[in-house]
Structures are given as structure tokens and as C-alpha cells.
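Observations on chain architecture
The primary structure of each chain is shown beneath.
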Amino acid sequence: MNFLRGVMGGQSAGPQPSGAETVQKLCDRVASSTLLEDRRDAVRALKALSKKYRLEVGSQAMEHLVNVLQTDRSDSEIIGYALDTLCNLISNEVEEEEPADESEEENVQKTNSEDLAGQFAEIYIKQQDNLALLLSLLEEFDFHVRWPAVKLLTALLKNQGPQVQQIILVSPMGVSRMMDLLADSREVIRNDGLLLLQQLTKANAAIQKIVAFENAFERLLDIITEEGMSDGGIVVEDCLLLLLNLMKNNSSNQNFFKEGSYIQRMKPWFEVAEDNSGWSAQKVTNLHLMLQLVRVLVSPVNPPGATSSCQKSAFQCGLLQQLCTILMATGVPADILTETINTVSEVIRGSQVNQDYFASVNAPSNPPRPAIVVLLMSMVNERQPFVLRCAVLYCFQCFLYKNQKGQAEIVATLLPATIDANSISAGQLLCGGLFSTDSLSNWCAAVALAHALQDNSIQKEQLLRVQLATSLGNPPVSLLQQCTNILSQGDKINRRGSKVQTRVGLLMLLSTWMTNCPIAVSHFLHNQTNVPFLTAQISENLGEEEQLVQGLCALLLGICIYYNENSLENYTKEKLKQLIEKRIGKEIFIEKLAYISKHELYSRAGQKPQPSYNSPEQMLFDHDFTKLVKELEVLITKAVQKSSEDEKKEEEVKKSLEQHDSIVNQYKELIREQDLQLNELKKQVTALTNQNEQSQTTITQQMSQIQQLRDQYNLLKIQGKPLDNQHLIHNEAAQINGIQPKADMEEIGRLRKEVEELKKQHNVLEGQLAEKESEIDKLRTAQSTGNLAEVTTDVAGDQQMDQHKLVGTAEASLRDNDSDSAAVKIGQLENRLSVLEDENNTLKDQVKILTEEKKSLDQQLASTNSTIAILETDKRKLQQELTESKKEQDDLLVLLADQDQKIFGFKNRLKELGEPVEDEDDLESADQEDDDDDEDDPN
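A short tour of the structure in this document, coming up. (Residues numbered from 1 in each chain as written. Predicted model: local features only at pLDDT ≥ 70, side-chain atom pairs only at ≥ 80, totals over all residues. Heavy atoms only, no water.)

**Here we look at the packing of aromatic side chains**
Under the definition given, this model contains ten aromatic pairs. Ring plane angle 85 degrees and centroid distance 4.9 Å describe the contact between Y562 and Y563, whose orientation is recorded as edge-to-face. Among the aromatic side chains, those forming a connected cluster through ring pairs are F213, F217, F256, F257 and Y262. The ring of W147 carries the charged tip of K151 above its face, separated from the ring centre by 4.0 Å. Positioned over the ring face of Y401 is R349, at 3.8 Å from the centre of the ring. (Phe/Tyr/Trp six-rings, centres within 6.5 Å; stacked < 30°, edge-to-face > 60°. Lys NZ or Arg CZ within 6 Å of the ring centre and 35° of its normal.)

**Details of unusual backbone geometry**
One non-glycine residue, D455, lies in the positive phi region at around 55 degrees. Inspection of the secondary structure puts D455 in the loop between α25 (439-453) and α26 (457-463). Residue D455 is classed as exposed on the basis of its relative accessible area of 66%. At N516, a residue that is not glycine, the phi angle is positive and equals roughly 60 degrees. Judged by relative accessible area, which is 51%, N516 ranks as exposed. (Helix = DSSP H or I, 4+ residues; strand = E, 2+ residues; numbered from the N terminus. Buried < 20%, exposed > 50% of the residue type's maximum accessible area, 1.4 Å probe, protein only.)

**What about the pattern of salt bridges?**
Scanning all chains against the criterion turns up 20 salt bridges. Of the charged contacts, one joins R39 and D72 as a salt bridge, the two residues approaching to 3.0 Å between their closest N and O atoms. Here R39, found in helix α3 (residues 36-49), pairs with D72, found in the loop between α4 (54-71) and α5 (76-90); they are 33 residues apart in sequence, far enough to count as distant. Per residue, the accessibility class of R39 equals that of D72, and both read buried. For the salt bridge of E346 with R295, the shortest nitrogen-to-oxygen distance reads 2.9 Å. Of this pair, E346 sits in helix α19 (residues 334-348) while R295 sits in helix α16 (residues 281-297), and the two are 51 residues apart along the sequence. A relative accessible area of 13% places R295 in the buried class. Here the salt bridges share partners, and the residues they tie into one network are R40, D41, R44, D75 and E77. (Salt bridge = Lys/Arg side-chain N within 4 Å of Asp/Glu carboxyl O.)

**Re the packing of helix α22 (residues 386-400) against α25**
Running from N to C, α22 and α25 cross one another at 10 degrees; their axes reach a closest spacing of 9 Å. The orientation of α22 with respect to α25, classified from their angle, is roughly parallel. Between α22, through F386, R389, L393, F396, Q397 and L400, and α25, the contact on the second element is made entirely by L440, S441, W443, C444, V447, A448, H451 and A452. Along the lines of polarity and charge, the residues of the contact of α22 with α25 split into ten nonpolar, three polar and one charged. (Axes fitted to C-alpha atoms, helices over the stretch in contact; angles between N-to-C directions. Parallel < 35°, antiparallel > 145°, perpendicular 65-115°, else oblique. Contact = heavy atoms within 4.5 Å. Nonpolar A, V, L, I, M, F, W, Y, C, P; charged D, E, K, R; others polar.)

**Here we look at the packing of helix α7 (residues 128-137) against helix α9 (residues 161-169)**
Close contact between α7 and α9 brings their axes to 10 Å; oriented N to C, the two are set at 70 degrees. Taken together, the axis directions place α7 and α9 in an arrangement best described as roughly perpendicular. Considering how the two elements wind past one another, α7 and α9 form a crossing that is right-handed. Between α7 and α9, the residues in contact are Q128, L131 and L135 and V164, I167 and I168, respectively. (Left-handed = near helix turned anticlockwise from the far one by under 90°.)

In C-alpha cells form, the structure reads like this:
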């Protein structure tokens, strides 16, 4: 123990050992000591030295520490010391005893610490059993074991994340043990478990799926609710970060989150109070992460089907409405408002229902204004933050994405018939921003207006009707003309044309407007100054900043060539190409056109729809415009390089193709007519086939009737009463046609009387049957079943007798009647016989049912008999016990009599010896005398 006191800071005589020597002695003590207390003290000393002598402890003691974890599992204290020591070795924390002003030394120390941590972590996980041992320690409930195990595993994941993830992935129940940490009642372990799961789920889709299917979403949302949602602390932030890890770039988990109806549980997160002043920094962080989580679900980079379903759920559960409430609320911090605008943008992007709802949202102002108008006012206001203006532009773009209805509403606010002088419209704000002195407002308004025309030729033509009043006394000019005037006049109009950002925005607007719109191209070419301006801009040798403008001018001129309908003689396709060849040169023109796609900001804008720039000067390209450039660059290059002969050949080819198409169309029409005729013929064939089948069925029925009549004739002929052939033929024809001869009318009446008699007999039989059924019901309730078989036999015999009577009646009728009436009577009697046979079968079925009931009653009787036998057996046992008890009672009486006799003998002997003895009889007589004395005494 003196040695340990010296290590832990006590004074000792002689030279002090070095750190490496001390660590070596402690390691020897851990390895060789047989007493648990000695090993525990040595491990505790190693823990104390692990920060100061990190390299020495890590290089010498790691193996011994692992052995302690394996062999001393029963002692939680030594296990906790060993885990703490390993955690100090593998953790990246730097010793805090550094001088504050030596930053370079701190950086070096930090780098060395990270290197050592990575090396020790690699050494530890080299044996996969070590990690399995650590995972098994997570099951220990002891705080001094479980908590350091969580911290050590987190440190291993920070330093050797991919390797540790692969080991955990193949470890049985590895992820489940970590998920159990979230259910720990101790907040420290639960919170560190969140940090552990954050490291575990980084950039590993397989582990993310396993964690999600371990009910992670339910547990995390419960913790967020318990901690106060957006008003919660750092624990809510950790839960949100873990949720982002699980769902970002993981469509499977996103779908699982949506199908689990967890989107509905996000709505309460965004409920804000009316007084939004005094937001804490933690609340801002939490709400920012919550908004990011919503954006992950509705991101444009997700599969279209998944995004649309999440957008639908957001609207149905009221999440979109709650976000719009934050959007229009007052006192919301600027960064939260910006992120909310971006979130609403992606929730409504491409969803017609959500876009329609957003269009109906009004700001709480007096008078109420549409939310779109309020947002556009912020976009064109140069005093608003740059990120907020970018967010509004993105929101406006998402509102118009695949929304022709919204595009028409925006363009309609610019048309003369719909302008309201008393209110500010979206179109007025866009025009105001388009021609303001702020270049960023020019660019944003131009891009926003271009999105109102995207893939919508109708609105492109409608926008040509817009007229602008430039100044008093001057006639109004069209919006297209005003845009080209600003471009061509340059410094003459408040130097707006000299700004690159403004000109780029206007050129993008004009290019989008004129693409696939020949009428707009004609309007543009109608101004005689536009083409000379474009050619002059392209042909000049300007600086690098102007190269982008030159490329966009080349693009606009190429659009005028490709979508030209040759309606103006001075600016036909051929003349414009000749102008390019003479003034600019085809090679130079194509080279200037290629400047657009080579610009450094072009590829950045094409990555994602949301505009994300560090400064206003970088906002030069729009995401959708980059797609348009890719399509037009190839088309314009081919159109410019083609010669007049090639165009003539193409026109001839087009004409031949048109002729070919017309011929093909004629053949198509002919084929359609033939198809219609063929279908009608098929219907006719089907109808005739059905008629044929019906005719065949009728013929078959008639043939069978003829055969029956022939059989009847042969039967009567055999009986000795042949009919005349003509009479037979007449009867056959009459029966086939459903007509009865007049000579047989009397016979029919007689047969009807017989039928009535048979009906009476039938009623009698039914009465008898009812009586027999009542007897059967009585027999069912009887306990004795001995006569059931006889009754059943009688019923069957009666039915057989009835049948014999009916058959006899039928034979007598056959003998008494002539051949024709006999045949009819035979058929009727056969029908009657079949009815009686059915009734007989019914009675047989009832007899079977009664037989089955008899069997069941027999079984019940047998069970009752067995119960009676058991009771009799019990009775015999009880009687035997009673007899035995009586016998025992008699024996006891005999013993009592013997005992009394012995007592009497002993008393007599005592009397003989002169001893006084009180007998029970004497006592009774004395008592009697006392009672008599009491009665005689009058007092």
C-alpha cells in the first residue's frame, strides 16, 4: 500500500520512479495480484495516470484492462475503473492545463491527442471480441458500469466509425442493446445513449433502417414531447439530430415515418404563442432542426411519389396550416422565419392542393393582404436580409412550379382589365422590382416573372398585352419593349443597364419568354434596334465580367433564329444567320454561346432548385434556366451551322414527311373504318350464333317431346289398345303445339275429379303425418327409448302402404281409361308418386334425425348410469366407514365400562383401607337434600 500511496501523491524517500516505470509496476500488479482489492487499487491508479501518461498507459495497460473486463465481471467497481481508463485513452479530449495564449501549442496537442485516440481505438477493435464484450456490458444495470461503457463505445465510434459500425452490424442484438439505453430511467445514461446513437447512425443506411425498425421514431417523439418540444433543452436537440440522421437520404425510413403516422405528431411542435418575444437560443435551435426535419420529408431530391405523399399528409394533418401561421406571425426571429419560408416552399412545390391553399392564405393586416403579396414586398425591399429575400424567391418559384393556374393568376394581375388602383398586386410588385435601382431586386423580379411563364405558352402571349406608362406625356410601351430598352440604352437610364446582375436577369427573362413562342420573337424583332444591339454586344471584346452578358445575348439571338416564323422580311432565319456570319462569325458566336455553361456559378445553380449564395453578387443563374440553356445550346448551334442548302433539304424532307404523314393518316382513317365495320360484323355473327343456339335448343326439346309421345304410343300398343295413325299424328301435333283435341275435354274433367280425390287423400296423409310427428315429439322428451324403433317401423310401413294404394289406383285408372287419357293420367300419377317419394324421403330424414337423437339420449343415459354407479360406489364406501365407526364406538363403550368397573373396585378397596371416598351418587344425594332444605325454609 505504500507503493500505491506514492503513486497517488504520497511522499516517499528516495528517487521518484518515472511515469513509464510506475505504469509498468501497476500493470504487473494487475496481472499478478491474486487479491481483488489489490487489482482494484492498481486499476484505479492507472485511471488516475491515464490522462497525464496517456501514451504509457495505452501502450502497456490496454491488454490488462481488457483482461479485467473479462475476468472480474462480477465486481462492478473494478469494471467501472477499467472502462473509465479506456475511455480516457480513446477519447479526444485535451488536457485543460494548457496555457491560454499558446494557440499553436494547443493545436499540436489537439492533433497529437486525436492521433493517439485513433491509434488506441484501432488497437482495441482489432479483436472483435473486445467490442462484443463492451456490448454485453451495456446490459449491466449498475450505473458505474453502464455509463462508462456508453461513453467508451461513443469514443470508439468517433474515432473508428465505419469499422465499429460493421462489427456492430454483424453482432447479435448489438443495436437492440443500444436502443435499450433510451428506456433507462437515469437521464444521464439516456442522454449519452442519444449521443451514442447519433454516432452509430452516421452515413450507414443499414444501421439506420435497423434503428428505425427498433421503434426509434416512437421513442424519440415521446422524449421530445416529455421534454417540452420546441421549448425543451439540449435533449430535444439531440433527439432531432438523431431523427435527421435516420431519415436524411434514406427513403425507406422516410416512408416508414410517413406510414407510421408520425407526421401528424409533428404539428404540435410548431404551435407558437401570440407573444413571440424573448425566444431563447435553444428554442431557436430546436425549431430550426424541426423545420429541417420537415424539409427532409418533402425534399425535391426525394423520389416524386414519396415527396407527394408526404406533402399530402402535411396538408391533411394541418402541418402546412401551422407553418403558414408562423409565416404570418409577428416577432418571429429572422432565421426561423427564413427557414419557415423555405420549408413552406418545399411543402407546396408541385402539389396543386397545397399551392391552392397557400394562395388563399392572408396576412393579419388591415386590410388583409395575400401572403404572396406580403412576401414579394420583402423580396423587392433592399433593406431586408439577403437570405430572407432568397427564401421568398424560392417560395415564389415553388408556388408556380407545375402550377398553370397560379401562373395565370400572377400574369392576370399585370393585365389592364384586372389592375386595381386601390391595392397592391403581385404583378405591380414584380414590375416595380424589375425597374428599381437595386440590381438584386431587378434580378429577383426578372427570375420570378420568368417562372410565371415557364412552360406556359398561353401566358407568354398574354404578357405581350402588358403596357407600361414610362412618363407623363409619352405613350405607354409594352413590357417586352421596356425590357429591351433598358438593355439597349445602357447608361442612359440611371445606369441600370450597366449592372451585370440587372442585365443578366433581364436577358434570362427575355430568353424564357421568347422560347417556344414565335409571336414574342416577332414582337422582339419588330423593334429595329434590338438586333443591332445584340450583334454589337456579341462582337465586342469586353472583360471577363461581360462575357456572361455576351453569352446570354448570343442565346437570345439564337432563340430569334430557331423560333423565327419568317414573318418579317428583314429578319428571316436566313438573313439573321447571314448577319451573324458577316458581323460576328459562326465560330465566335458559338464560342460566346458556350460561355454560359462554362461559368463557375452555372454548375452551382444547376445542383438544386433552392438558390443558395453567400453574397448578392453571386446570384446570376437560376436553376430552371440552367436546364433551358442545356436544351437550347444544342438546338441553336445546329441551327446556326446549317447552310441554306441544308435548310432547303430539310424543308424538302419535312414536306415529304408531311406528305408521308398525310398518307399514313389516310391509311389510319381507312383502318379505323375497317375496324368499325369488322366490329359490327362480329356483333352480327354473335347475334346469329345466339339465335342458332336457341333454335337448336328448341329443336332438341321438340325431338324429346316426340320421342316421349312415341314411347307412350308403344306402351299403349303393347297393352292392346292401338290408336289410329291419323289420330296419333293429330294428337302428337296437337301436344307439340300445346293444343288439346276437343274429344278429350270430357276425359280431362274426369281426370280433374280424380286429381281432387288424390288431393283429399294427400290431405288425409298430411294429417296422419302431423299426428305421427306429434308422437315423435313426445318420444323425444321421454326418457325411455325402447319403443322408438317400433314407432319408426310403423311410420315407414304406413308410407309404403300409401304408396302401394296410389300405385294400385294408378293401375286401375290405366285399365279403365282409353289410351290417350291413360297416358295423361300416368304422367299425373307419376308426378304424384314422385311427390310422395319426396315426402317419404323427408320422413326418412326425420327418422334418421330421431335415430341420432336416440343415440345421443342413449349416450346421456349411459353417462347417467355411469354417474349413478359412481355414486353407489361412494355410498358403499360411506356405509362401510359408518359401520367401522360404529364398531369403534362399541369398542370405546366396552373400554369405558371396564374402566368404570376398575374405578369402582379401587374405591371399594380404599373404603376397606379406611380412606374416605366420595361417590358420585353420594354427591348427587347431598345436592338433592340441600335443595329440599331450601324449599322448606320460608325465608
